[in-house]
Amino acid sequence: MAVSSGLSLSSIVRMEDGDIKSFDSFIRILRTLGKIDVLLPLIEEEQISPNEYFKMVQGNTKKKRKRASKSNHININEQEDSEW
């Protein structure tokens, strides 16, 4: 397997022991073993219906931020004079 994957034997032994230092090496091993499809569940996107999408978009548009009222702001003229 070392020859067909292009990895050194010591790298493969380390990976068998759970010491995976390189994602590239991990992918090479999976391809060599014909097991690359075990990663598919990690990249598949969940399909949503048009109704679910519409509800999601509508929910995001309703949550707009509100401005603070003027009573919370400090008037610059009311502040004490600084010694600086």
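Quick look at the structure, then.

## Notes on the pattern of salt bridges
Following the criterion strictly, the structure yields two salt bridges and no others. Measuring nitrogen to oxygen at the nearest pair gives 3.9 Å for the salt bridge that ties Asp19 to Lys21. A relative accessible area of 67% places Lys21 in the exposed class. Residues Asp24 and Arg28 are paired through a salt bridge, measuring 3.3 Å at the closest nitrogen-oxygen approach. In this pair, Asp24 and Arg28 both sit in helix H3 (residues 23-33), four residues apart, roughly one turn of the helix. Given the relative accessible area of 33%, Arg28 is considered partly exposed.

## Structural notes on helix H2 (residues 9-16)
Since the α-helix packs 3.6 residues into each turn, any two residues three or four apart lie on the same face. Among the residues of H2, Ser11, Ile12 and Met15 are the ones counted as buried. Summarising the axial view, the buried residues of H2 lie within an arc of 100°, below the 170-degree limit, and thus occupy one face. The exposed set on the far side of H2, more than 90 degrees from its buried face, consists of Leu9 and Glu16. Those residues of H2 that are buried lie in contact with helix H1 (2-5) and H3. The positive-phi residue at the C-terminal boundary of H2 is Gly18, with phi of around 95°.

## With respect to the nonpolar core
If you look at the biggest cluster of nonpolar residues, it comprises five residues: Ala2, Leu7, Ile12, Met15 and Ile29. Excluding anything up to four places from it in sequence, Ile29 contacts Met1, Ser5, Leu7, Ile12 and Met15.

## Here we look at the packing of aromatic side chains
Scanning all chains against the criterion turns up one aromatic pair. Seen from their ring centres, Phe23 and Phe26 are 6.3 Å apart, and the 45° between their planes marks the pair as tilted. Of this pair, Phe23 and Phe26 both sit in helix H3, three residues apart, which is roughly one turn of the helix. By relative accessible area, Phe23 is classed as exposed at 60%. On the accessibility criterion, Phe26 (27% relative accessible area) is partly exposed.

Reading the values: rules and limits
- Residues numbered from 1 in each chain as written.
- Predicted model: local features only at pLDDT ≥ 70, side-chain atom pairs only at ≥ 80, totals over all residues.
- Heavy atoms only, no water.
- Salt bridge = Lys/Arg side-chain N within 4 Å of Asp/Glu carboxyl O.
- Buried < 20%, exposed > 50% of the residue type's maximum accessible area, 1.4 Å probe, protein only.
- Helix = DSSP H or I, 4+ residues; strand = E, 2+ residues; numbered from the N terminus.
- Arc of directions from axis to C-beta.
- Contact = heavy atoms within 4.5 Å.
- Core = buried A, V, L, I, M, F, W, Y, C linked by side-chain atoms within 4.5 Å.
- Phe/Tyr/Trp six-rings, centres within 6.5 Å; stacked < 30°, edge-to-face > 60°.

These values are about where atoms sit, not about what they do.
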